[in-house]
Amino acid sequence: MVDGPVVRGTVVEDKGYVFAGDKLIEINLDTSDLRTICMLPVLPDYTYGGISVVSVQNNKMHFVIFNMEVVEYVVDLTTGKIDTLD
């Protein structure tokens, strides 16, 4: 079960990815299994900002968090390692 609001998501093949609160969660669309990929580096201000997926390629998701500033991140969907893009 996903606890809290789900604000954005994307689907890649048989996996769904959703940003729920301060986490990125993977949903296996065949089995409905959930896996937390990572905790987000900052809590998005969903009232005034938000989050948006830029792309998913080579098992890496690029996304942007809009708060007081706009920061782009990349997360490895296998390991959960997250980095900023400068």
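About the cut-offs
- Residues numbered from 1 in each chain as written.
- Predicted model: local features only at pLDDT ≥ 70, side-chain atom pairs only at ≥ 80, totals over all residues.
- Heavy atoms only, no water.
- Salt bridge = Lys/Arg side-chain N within 4 Å of Asp/Glu carboxyl O.
- Buried < 20%, exposed > 50% of the residue type's maximum accessible area, 1.4 Å probe, protein only.
- Phe/Tyr/Trp six-rings, centres within 6.5 Å; stacked < 30°, edge-to-face > 60°.
- Helix = DSSP H or I, 4+ residues; strand = E, 2+ residues; numbered from the N terminus.
- Contact = heavy atoms within 4.5 Å.

As a further point, take the pattern of salt bridges. Taken as a whole, this structure holds 4 salt bridges when the rule is applied. Between Asp14 and Lys15 there is a salt bridge, with the nearest N and O atoms lying 3.5 Å from each other. Judged by relative accessible area, Asp14 falls into the partly exposed class, the value being 29%. With a closest N to O distance of 2.7 Å, Lys81 and Asp83 form a salt bridge.

Under the definition given, this model contains 2 aromatic pairs. Taking the centre distance of 5.1 Å and the plane angle of 55° together, the rings of Phe19 and Phe63 count as tilted. Of the two residues, Phe19 is situated in strand β2 (residues 15–20) and Phe63 in strand β6 (residues 60–66); the sequence distance between them amounts to 44 residues. Overall, Phe19 belongs to the buried group, its relative accessible area being 0%. Assessed through its relative accessible area of 0%, Phe63 is described here as buried. A centroid spacing of 5.5 Å and a plane angle of 25° characterise the contact between Phe63 and Tyr73, whose relative ring orientation is stacked.

What follows deals with the environment of Leu85. Here Leu85 lies in the segment after β8 (82–84). For the pair Leu85 and Val74, spaced 11 residues apart in sequence, the C-alpha to C-alpha distance is 7.0 Å. Setting aside residues up to four positions removed in sequence, Leu85 forms contacts with His62, Glu72 and Val74.

For the rest of this paragraph, the subject is unusual backbone geometry. The phi dihedral of Glu13 is positive, around 55°, even though this residue is not glycine. Its location among the elements puts Glu13 in the loop between β1 (6–12) and β2. Positive phi, close to 50°, is recorded for Asn58, a residue that is not glycine. Tracing the chain through its elements places Asn58 in the loop between β5 (50–57) and β6.

Attention shifts here to the environment of Asp14. Inspection of the secondary structure assignment puts Asp14 in the loop between β1 and β2. Separated by 15 residues in the primary sequence, Asp14 and Leu29 have C-alpha atoms spaced 5.3 Å apart. Ignoring anything within four residues of it in the chain, the contact list for Asp14 reads Ile27, Asn28, Leu29 and Asp30.

So, to be careful, I would describe these as geometric facts and stop short of saying anything about function.
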